[in-house]
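# Geometric and topological summary
One-letter residues, chain by chain:
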Protein chains: 2
Amino acid sequence: MKRRNTPTKEAVMDVLAKSGKAMSQDAIEQHIDITINRATIYRVLNRFCEDGILHKVVAEDGKQYFALCKKCDGHKKPVHHFHFRCTTCDTIECLPIEVHFSLSEAYIVEHVNCVLTGTCKTCA
Amino acid sequence: MKRRNTPTKEAVMDVLAKSGKAMSQDAIEQHIDITINRATIYRVLNRFCEDGILHKVVAEDGKQYFALCKKCDGHKKPVHHFHFRCTTCDTIECLPIEVHFSLSEAYIVEHVNCVLTGTCKTCA
DNA sequence: CAATTTATTGCGATTGTATTGCAATAGTAT
DNA sequence: ATACTATTGCAATACAATCGCAATAAATTG
C-alpha cells in the first residue's frame, strides 16, 4: 500500500521531531496547531510504526507513547533502549542506554519494552 | 488499615502461587473456582502490591499483570528483573535476569518495567 | 456468645485509552 | 481533468480499570 503525504502526517512528525521525546496521542493532539481527529492520529502513528519511522512504548500507565527512531552511535539499525517517564512533567524520553540481556535461544523475542518511571533530572 | 483474611484473598494467592507466573485479572478470574467480582479482584491485587507481596507489570498490550515477589539468590529484597510475555500461550513469566542500567543520579527512579514479548521456549 | 467496629465485597456506573466501520475527502498518477 | 484508492472524520464500539455506595462479613470487645 503506497503512502501519501498529508498535512496530518507532517503535523504529527513535526511535533514529535520538535519535542524529541516519546509522546502520547493526546499530548500530540495538544501540540498540533490544526485540528486532527483522535482516530486519525492513532492511525498515522501506527502506520509510522509499521514503516519503522516511529517506535511505540507502553508505559506503566498503560498508555502508548510514540517516538522517532534514531540510529545512534553509527549503528545501522535503531537499538533497544531504556525509556524514562517523568511523572512530574509527564513526558517520556529515550535514554541513551541500551537494553542488554542474555536469554536462551529457545525464546523468540519480538519486542522489547523497558520503561523507568520517576522524576527526571529537570524536575528533580 | 488492618488487613483481614478472606476467601477471596486466599483464592487469588492460590492461583498466583500455583501458576508461578504473572497473571492478568481476567486470567486469574478464569482460574478461580469460586465467583469473585472483577472489581474485588483488582482491589485484592492492588492491596497485595501495596503490601509488597505482589508486583505489577504492565505489558505491551497495556494490561496489568501481577506476580508473586520472590526473593531469589539470597537477596533480602526482590530485584528488578525482566519479564517475558508469550503471545502464544498468553502468559508472562518472571525471568531470572536482573535489569541493569546506569543512570545519572539526577534522575529519581521509582519503578522499573521491563517486558520482552514474543514466543516462549515452551511454545517455540 | 452476642454486640460492635470497620475492612471487604458486589453491583452498577463511570472513566479513559484505543480501535473499527463506513461514508466523505483528497493525494497521486495517467 | 479523470480515475483510483489512500486517508480522514465521525460516531459507535471494545476493553481495561476504577469508583461510589450499600450490603456483607472478619475480627475485636465485653
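Just above sits the structure.
Heads up: these notes are all about the structure in this document. Here the residue index of a chain counts from 1 through its sequence in written order. In the order they appear in the text, chains get letters beginning with A and ligands get numbers beginning with 1. Only residues with pLDDT of at least 70 are given local features in this predicted model, and only at 80 or more are side-chain atom pairs given and counted; all residues enter the totals for whole chains, interfaces and linings. The side-chain numbers reported here are obtained from all heavy atoms of the structure, hydrogens and water having been left aside.

### Digging into the protein's contact with DNA strand C
Every one of the 25 residues lining DNA strand C counts as a neighbour, but Arg4, Tyr42 and Gln64 of chain A together with Thr6 and Thr40 of chain B are closest to it. Near the protein, within 4 Å, the atoms of DNA strand C are sugar or phosphate in 63% of cases. Any pair of nitrogen or oxygen atoms within 3.5 Å is treated as a polar contact; in protein, a donor-acceptor pairing is required on top of that, and neighbouring residues in sequence qualify only through side-chain atoms on both sides. Contact between DNA strand C and lysine 2 of chain B: a sugar or linking oxygen at 3.1 Å from a main-chain N or O atom of the residue. One of the side-chain nitrogen or oxygen atoms of threonine 8 of chain B is found 3.3 Å away from a phosphate oxygen of DNA strand C. What counts as a helix is a DSSP run of H or I of at least four residues, what counts as a strand is a run of E of at least two, and both are numbered from the N terminus. Among the elements that line the surface near DNA strand C, the one with the most residues is helix H3 (residues 38–50) of chain B, at six residues. The cutoff for a nearby residue is simple: one of its non-hydrogen atoms must lie within 4 Å of the molecule or strand.

### Some words on the relation of the copies chain A and chain B
The operation relating chain A to chain B is a screw motion whose rotation component is 180°, with 0.0 Å of axial translation and a residual RMSD of 0.1 Å. Expressed as an axis order, the relation between the two copies is that of a two-fold axis. We call two residues in contact whenever any of their non-hydrogen atoms come within 4.5 Å of each other. Of the interface residues in chain A, 100% have counterparts in chain B that sit at the interface too, so the contact is made through matching surfaces. The copies are overlaid by a least-squares fit using only the C-alpha atoms of residues whose pLDDT is at least 70 in both copies.

### Here we look at the packing of aromatic side chains
The criterion for an aromatic pair is that two Phe, Tyr or Trp rings (for Trp, the six-membered ring) have centres within 6.5 Å, with stacked assigned to planes under 30 degrees apart, edge-to-face to planes over 60 apart and tilted to the rest. The tally for this structure, following the rule as stated, stands at four aromatic pairs over all chains. Aromatic side chains phenylalanine 82 of chain A and phenylalanine 101 of chain B sit 5.4 Å apart centroid to centroid with 50° between the ring planes, which places their arrangement in the tilted category. Here phenylalanine 101 of chain B lies in the loop between strand E4 (91–98) and strand E5 (108–119) and phenylalanine 82 of chain A lies in strand E3 (residues 81–86), a pairing that spans two chains. The buried label goes to any residue with under 20% of its type's maximum accessible area, the exposed label to any with over 50%, and the partly exposed label to all in between, with areas taken from a 1.4 Å probe on protein chains only. Classification of phenylalanine 82 of chain A as buried rests on a relative accessible area of 1%. Here the aromatic rings of phenylalanine 84 of chain A and tyrosine 107 of chain B are separated by 4.8 Å at their centres, their planes lie at 65°, and the arrangement is edge-to-face. Here the residue phenylalanine 84 of chain A occupies a position in strand E3, and tyrosine 107 of chain B occupies one in the loop between E4 and E5, the pair thus bridging two chains. Across the pair, exposure class does not vary: phenylalanine 84 of chain A and tyrosine 107 of chain B are buried alike.

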